[in-house]
Amino acid sequence: QVQLEEYGGGLVQAGGSLRLSCVASGRIASSYTMGWFRQAPGEEREFVAAISWNGGRTAVADSVKGRFTISRDVVTDIVSLRMDTLKPEDTAIYYCTAREGDNPSDNAQMYRYWGQGTQVTVSS
């Protein structure tokens, strides 16, 4: 069983920055992709970004491209999401996710493991 734990959510003003981190523990496959999705109230869960096992490949949603950066520390196996120039429409619960294999997919159904989520609120 894999456990994912997110850190770093909070309240920030528009134009500000936040950094989310996710730590995975448990029975983890030899290679696995990790990513972030988000869900705003009344909305579908939305892909944000994903990163391959060694950090060599990433996928980023068009809505956050140029503002959000996903990275992965292969030593500590912590995945981070740096969020800059935040907008009120970025307000959502952000979920860390993981899947076996090395494909940073934007399809939520491809991901098997999910964290509890962390709230990000951007005020205008």
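Everything below is about the structure shown above.
Residues numbered from 1 in each chain as written. Predicted model: local features only at pLDDT ≥ 70, side-chain atom pairs only at ≥ 80, totals over all residues. Heavy atoms only, no water.

For the rest of this paragraph, the subject is the overall build of the protein. Of regular secondary structure, the protein possesses 0 helices and 11 strands. Listing each helix as α and each strand as β along the protein from the N terminus yields β-β-β-β-β-β-β-β-β-β-β. Computed over the C-alpha atoms, the radius of gyration of the protein is 13 Å, within 12% of the 14 Å expected from 2.2 N^0.38 for a compact globule of 124 residues. Seen through its principal axes, the protein has C-alpha atoms that stretch 45 × 25 × 25 Å. (Helix = DSSP H or I, 4+ residues; strand = E, 2+ residues; numbered from the N terminus. Rg over C-alpha atoms; globule rule 2.2 N^0.38 Å.)

Located in the positive-phi region is T85, a residue other than glycine, with phi close to 45°. Along the polypeptide, T85 turns up in the loop between β8 (78-83) and β9 (92-100). Relative accessible area serves as the criterion here: at 45%, T85 is assigned to the partly exposed category. (Buried < 20%, exposed > 50% of the residue type's maximum accessible area, 1.4 Å probe, protein only.)

With that settled, consider the state of the cysteines. This model, assessed by the stated rule, comprises 1 disulfide. Here C22 is linked by a disulfide to C96, with a sulfur-sulfur distance of 2.0 Å. Judged by the torsion about the S-S bond (-85°), the C22/C96 disulfide is left-handed. Of this pair, C22 sits in strand β3 (residues 18-26) while C96 sits in strand β9, and the two are 74 residues apart along the sequence. Here C22 matches C96 in class, with each residue buried. (Disulfide = S-S within 2.5 Å.)

Across all of its chains, the model carries 6 salt bridges by this definition. The salt bridge involving D90 is made with R38; its shortest N-O contact spans 2.9 Å. Taken together, the residues span a long stretch of sequence, with D90 in the loop between β8 and β9 and R38 in strand β4 (residues 32-39) at a distance of 52 residues. By the burial criterion, D90 is buried, and R38 matches it. For D62, the salt bridge goes to K65, with nearest N and O atoms at 3.2 Å. Accessibility assignment for this pair places D62 and K65 in one class, exposed. Taken together, the shared-partner salt bridges connect R38, E46, R67 and D90 into one network. (Salt bridge = Lys/Arg side-chain N within 4 Å of Asp/Glu carboxyl O.)

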